[in-house]
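Geometric and topological summary
These are the residues of each chain, in order.
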Amino acid sequence: MTVPSISNAVTDEGISVITDSSLGTTVRRSAIQGARIIDNADEKWERFSDSLRDKSRCDENTGRRLFDNGFRKDGTRIGNPVLGNLCNPEPLLALDQKMADRVLNLAVQSAEAGNNNMSLLLKTISDTEELVRASFERSIQDSADEEERKRKTFNFALYSKMRAISNSVNSNPAQVKKFQLNWGKQMVSELAPFADRKNYASPFPVTKDEFEDYDYDKDRLLDSLGALQVSLEKLRSFGLIGHSEIVIPYDDYGSVITVAIDDYVPIGAEMLLSEQNYSIAGPASALIRSVMDKANINYSLDVFYLDPSTTKQSVYNPSQLLLSLSNLRKF
């Protein structure tokens, strides 16, 4: 984890404490919120032991250790199942500073495209950086090594820019959505300009009735998921994310997509933005917005910040981003 310890979760869009300042004193209120458990009545899920996970076996499709919180007497699930760690961990690559900066620059360019006063936007970004710099610098200076320092610095830059861009449009949901869409399109254009359905591979085998009850164009969706998969792989090569997987659960008949991203470097900045009620999120959400728009598909989005190694509240430290798209339907 790279910046402030904030654990509120996000629905429909949108880290140890770095300072005692007003910026950093918002601390994790519960691991449950961090994991985005839908049923608040289940907030004591930490009582369910990590022993529910069989550490000697792997899910043959995902290559992960899977565990959950069990079921109620009526058969309904308690909370959400958790994607465990990869059975064969993939180390996070060194951060490519040039490409990380490029991702941020594309965000600024996308914001400028919808802003009539570019000089004011740039000033807002600069002012925001100065406002929060001291808080982030305390954490950056405590970095264990150069890689950690670069990741914390990226979180500072992302947080500052996203907060400034959101403030520049008065956090107007329609304008924030427009920015996310433009940013995602810019990234896909650079990272995956020729990707299509041949680039998408699900960890699950395709079943005969997987897309039985859908009204959207399946081929357009698969083309878009191919672009998303290539884009995420490029972000992985830049050291901004770890392993990722895009899944269309076979038992949801094409109505649900889940995107899991391990070692999501921007998670600290995004959690802090969420805690402060900025719904602007970061690059992963922008990519989702773009590819689903191109596929001409509407959806509901839930964002989960997960710790794939444990369910214990006392040590909960999110590093995995899980995006759940449900109720897929054509525009």
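Not measured: the values here are computed from a predicted model.

**Focus on the environment of serine 290**
Here serine 290 shows up in helix α8 (residues 283-294). Spatially, the C-alpha atom of serine 290 lies 7.6 Å from that of glutamine 180, the residues being 110 residues apart in sequence. Setting aside residues no more than four positions away along its own chain, serine 290 makes contact with Leu181, Gly184, Lys185 and Val188. Here the side chain of serine 290 touches lysine 185 through a polar contact of 3.4 Å, landing on its backbone nitrogen.

**Some thoughts on the pattern of salt bridges**
Applying the stated criterion to the full structure yields 13 salt bridges. We note a salt bridge from arginine 133 to glutamate 130, for which the minimum N-O separation is 2.9 Å. In this pair, arginine 133 and glutamate 130 both sit in helix α3 (residues 118-141), three residues apart, roughly one turn of the helix. Judged by its relative accessible area of 27%, arginine 133 is partly exposed. Where aspartate 293 meets lysine 185, a salt bridge forms, and the shortest distance between an N and an O atom there is 4.0 Å. One end of the pair, aspartate 293, is in helix α8; the other, lysine 185, is in helix α5 (residues 173-191), with 108 residues separating them in the sequence. For aspartate 293, a relative accessible area of 29% puts it in the partly exposed group. Within the structure, one salt-bridge network assembled from shared partners comprises Glu147, Lys150 and Arg151.

**Re the pairing of strand β7 (residues 320-330)**
Where strand β5 (residues 257-261) meets β7, five bridges bridge the pair, whose relative direction is antiparallel. Each bridged residue has a counterpart across the sheet, and for isoleucine 257 the counterpart in β7 is leucine 325. Of the strand pairs in this sheet, strand β6 (residues 297-306) and β7 are connected by nine bridges, and their pairing is antiparallel. Paired with asparagine 298 across the strands is arginine 329, a residue of β7.

**Some thoughts on the nonpolar core**
A general feature of soluble globular proteins is that nonpolar side chains tend to end up buried together. In this structure, Trp183, Ile257 and Met292 are the most contacted members of the largest nonpolar core, which totals 71 residues. Per-element accounting of this core gives the leading share, eight residues, to helix α4 (residues 146-168). The next biggest cluster of nonpolar side chains, apart from the first, holds five residues, and it includes Ala260, Phe304, Tyr316 and Leu322.

**Comments concerning the packing of aromatic side chains**
Tallied over the full model, the rule gives four aromatic pairs. A centroid spacing of 5.5 Å and a plane angle of 50° characterise the contact between phenylalanine 136 and phenylalanine 156, whose relative ring orientation is tilted. Here phenylalanine 136, found in helix α3, pairs with phenylalanine 156, found in helix α4; they are 20 residues apart in sequence, far enough to count as distant. Each member of the pair phenylalanine 136 and phenylalanine 156 is classed as buried. Here the aromatic cluster, defined as three or more aromatic residues joined through ring pairs, consists of Phe136, Phe156 and Tyr159.

**Section: the confidence of the model for the protein chain**
Keep in mind that low pLDDT regions are not for reading the predicted coordinates in detail. Averaged over all residues, the pLDDT of the protein chain is 80; the fraction at 70 or higher stands at 74%. Here residues 1-52 scores under 50 on pLDDT; set against residues more than four positions off or in separate chains, the count is 150 contacts.

**Section: the environment of tryptophan 183**
Here tryptophan 183 lies in helix α5. Apart from the residues lying within four places of it in its own chain, the contact partners of tryptophan 183 are Val103, Leu106, Ala107, Ser110, Leu158, Met162, Gly282, Pro283 and Ala286. At a separation of 3.2 Å, a polar atom in the side chain of tryptophan 183 contacts the main-chain carbonyl oxygen of valine 103.

**Thoughts on helix α6 (residues 218-237)**
Taking 1.5 Å as the rise per residue, α6 with 20 residues should run 28 Å; its terminal C-alpha atoms sit 29 Å apart, in good agreement. One side-chain oxygen of the residue at the start of α6 lies 3.0 Å from the amide nitrogen of aspartate 219, identifying that residue as aspartate 217. Trailing α6 by a residue or two, glycine 239 shows a phi angle of about 80°, which is positive.

**Looking at unusual backbone geometry**
The phi angle at asparagine 170 is positive, at roughly 55°, despite the residue not being glycine. In this fold, asparagine 170 is placed in the loop between α4 and α5.

**So, α3**
With 24 residues, α3 ought to run about 34 Å at 1.5 Å a step, and its terminal C-alpha atoms sit 32 Å apart, in line with that. Along its length, α3 reaches its greatest deviation from straightness, about 50°, at arginine 133. Listing the buried residues of α3 in full gives Leu121, Ile125, Thr128, Glu129, Val132, Ser135, Phe136, Ser139 and Ile140. Buried residues belonging to α3 abut α2 (97-113), α4 and α7 (267-275).

**A few points about the side chain of lysine 152**
When you line up the elements, lysine 152 lands in helix α4. A distance of 2.9 Å separates a polar atom in the side chain of lysine 152 from the backbone oxygen of serine 139.

**Focus: the side chain of lysine 150**
On the secondary structure map, lysine 150 appears in helix α4. Residue lysine 150 is classed as buried on the basis of its relative accessible area, which comes to 14%. One polar contact links the side chain of lysine 150 to the main-chain carbonyl oxygen of leucine 95, over a distance of 3.0 Å.

Conventions we followed
- Residues numbered from 1 in each chain as written.
- Predicted model: local features only at pLDDT ≥ 70, side-chain atom pairs only at ≥ 80, totals over all residues.
- Heavy atoms only, no water.
- Helix = DSSP H or I, 4+ residues; strand = E, 2+ residues; numbered from the N terminus.
- Contact = heavy atoms within 4.5 Å.
- Polar contact = N/O pair within 3.5 Å; in protein donor to acceptor, adjacent residues only side chain to side chain.
- Salt bridge = Lys/Arg side-chain N within 4 Å of Asp/Glu carboxyl O.
- Buried < 20%, exposed > 50% of the residue type's maximum accessible area, 1.4 Å probe, protein only.
- Pairing = 2+ DSSP bridges.
- Core = buried A, V, L, I, M, F, W, Y, C linked by side-chain atoms within 4.5 Å.
- Phe/Tyr/Trp six-rings, centres within 6.5 Å; stacked < 30°, edge-to-face > 60°.
- pLDDT = per-residue confidence, 0-100.
- Expected span 1.5 Å × (residues − 1).
- Bend = angle between axes of the 7 residues up to and from the residue.

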